[in-house]
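Residue-level structure breakdown
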Amino acid sequence: MNKYLRLFRFGNGLMGIIGLLVSIYIAVGTDMFDQWLRILIGCVIVLAFVAGGNSINDYIDAEIDKTAHPDRPVPKGEITATMARNLGIGGLVLATILAIPLGWFCAALVLVCSVMMFSYEVLLKQRGFIGNICIAVLTGAVFIFAGSIVNDISKIWILGLLAGLVSVGREISKDIEDMDSDKGSRITLPMAIGTKKAATIAAVFYVLGPALSFIPFIDSMLGPLYAVVIVADILFIYCAVLVFKDAHKSAKIAKIAMFVALISFILGVAI
């Protein structure tokens, strides 16, 4: 594959586009086809944002990747670290500029997310829990961005909030799992307060997601098949219990639960 496509993690960008399109469908259903140009611009923004974030990551981790990911373009010498940095900043700036025609809210959202992504790679991912929160906010912002493209976040905001909350739990679970390998490189929440207390905080965030998932039932904003979300809720609650014994498995199941929750929203819109 082309060295720039590998630097940008083009596959991740395509997955981001799929996620954006699914989220837009949840927001407005088949009416999305009436706004194809705005959606097309949104897809390009996602590609630019993902490319920018990954390029900055490879710039920051240039030395680490010599052993951790030696096949990446920077450690292989195909692209210089400075070039990766410039491309990264350029990608985030391009994403922000492209968002301007979509309206002030979209532009402001992409700008804030770009600053957060840059801050995370340069500083926050070394700061443990703050980094966890940053990733969770960026995860939830994807859904809000999708809704803002089509000017309707009435159905999507709850999914964004749910995804953000459970992402905190999942990120903490991953930090518990990686405690030994992270020593000396950064201070994570489990290192700062201990695994048991960190697992308790993760469990709280895992449970907050299911608690919010009942809002669409109360407001009748989705169809009857949205009830599939109960399966996701059960999985999240299981993650809250499991994180105390097996953080790795908890994080893995949480990812599955997030996918099930996404499917439930799709079904709720479609039927």
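What you are looking at is a predicted structure, and each value in this text was computed from that prediction instead of being measured.

Focus on helix 12 (residues 195-212)
For helix 12, with 18 residues, the first-to-last C-alpha span of 26 Å sits near the 26 Å given by 1.5 Å per residue. Taken together, the buried positions of helix 12 are Ala198, Ala199, Ala202, Ala203, Phe205, Tyr206, Gly209, Pro210 and Leu212.

With respect to the side chain of Asp65
Following the sequence through the fold, Asp65 ends up in helix 4 (residues 65-68). On the accessibility criterion, Asp65 (2% relative accessible area) is buried.

Observations regarding helix 8 (residues 129-149)
Taking 1.5 Å of rise per residue, the 21 residues of helix 8 would be expected to cover 30 Å, and the 30 Å separating its terminal C-alpha atoms lies within 8% of that figure. Of all the bends found along helix 8, the most pronounced is centred on Ala141 and spans about 25 degrees. Burial runs high along helix 8: 15 of the 21 residues are buried. Remark: Asn151 follows helix 8 within two positions and exhibits a positive phi of approximately 60 degrees.

Quick notes on the packing of aromatic side chains
The full count for this structure, using the stated rule, is 4 aromatic pairs. Considering the side-chain rings of Trp104 and Phe105, the 5.8 Å spacing of their centres and the 85 degrees angle between planes classify their relative orientation as edge-to-face. Trp104 sits in the exposed class, given a relative accessible area of 70%. Relative to Phe217, the ring of Phe214 lies with its centre 5.8 Å away and its plane at 40 degrees, an arrangement referred to as tilted. Among the aromatic residues, ring-to-ring pairing joins Phe214, Phe217, Tyr226 and Phe265 into one connected group.

What about the nonpolar core?
Leu20, Ile24, Phe145 and Ile149 are the most contacted members of the largest nonpolar core, which has 73 residues in total. With 10 residues, helix 8 is the single largest residue contributor to this core. With 5 residues, the next largest nonpolar core counts Leu7, Ala62, Val74 and Ile79 among its residues.

Concerning unusual backbone geometry
Phi is positive for Arg9, which is not a glycine, with a value near 55 degrees. Mapped onto the elements, Arg9 comes out in the loop between helix 1 (3-8) and helix 2 (10-28). The class for Arg9 is buried, based on a relative accessible area of 15%. The phi dihedral of Asn151 is positive, around 60 degrees, even though this residue is not glycine. The topology assignment puts Asn151 in the loop between helix 8 and helix 9 (157-177).

Reading the values: the criteria
Residues numbered from 1 in each chain as written. Predicted model: local features only at pLDDT ≥ 70, side-chain atom pairs only at ≥ 80, totals over all residues. Heavy atoms only, no water. Helix = DSSP H or I, 4+ residues; strand = E, 2+ residues; numbered from the N terminus. Expected span 1.5 Å × (residues − 1). Buried < 20%, exposed > 50% of the residue type's maximum accessible area, 1.4 Å probe, protein only. Bend = angle between axes of the 7 residues up to and from the residue. Phe/Tyr/Trp six-rings, centres within 6.5 Å; stacked < 30°, edge-to-face > 60°. Core = buried A, V, L, I, M, F, W, Y, C linked by side-chain atoms within 4.5 Å.

Function cannot be inferred from these measures alone, as they are strictly geometric.
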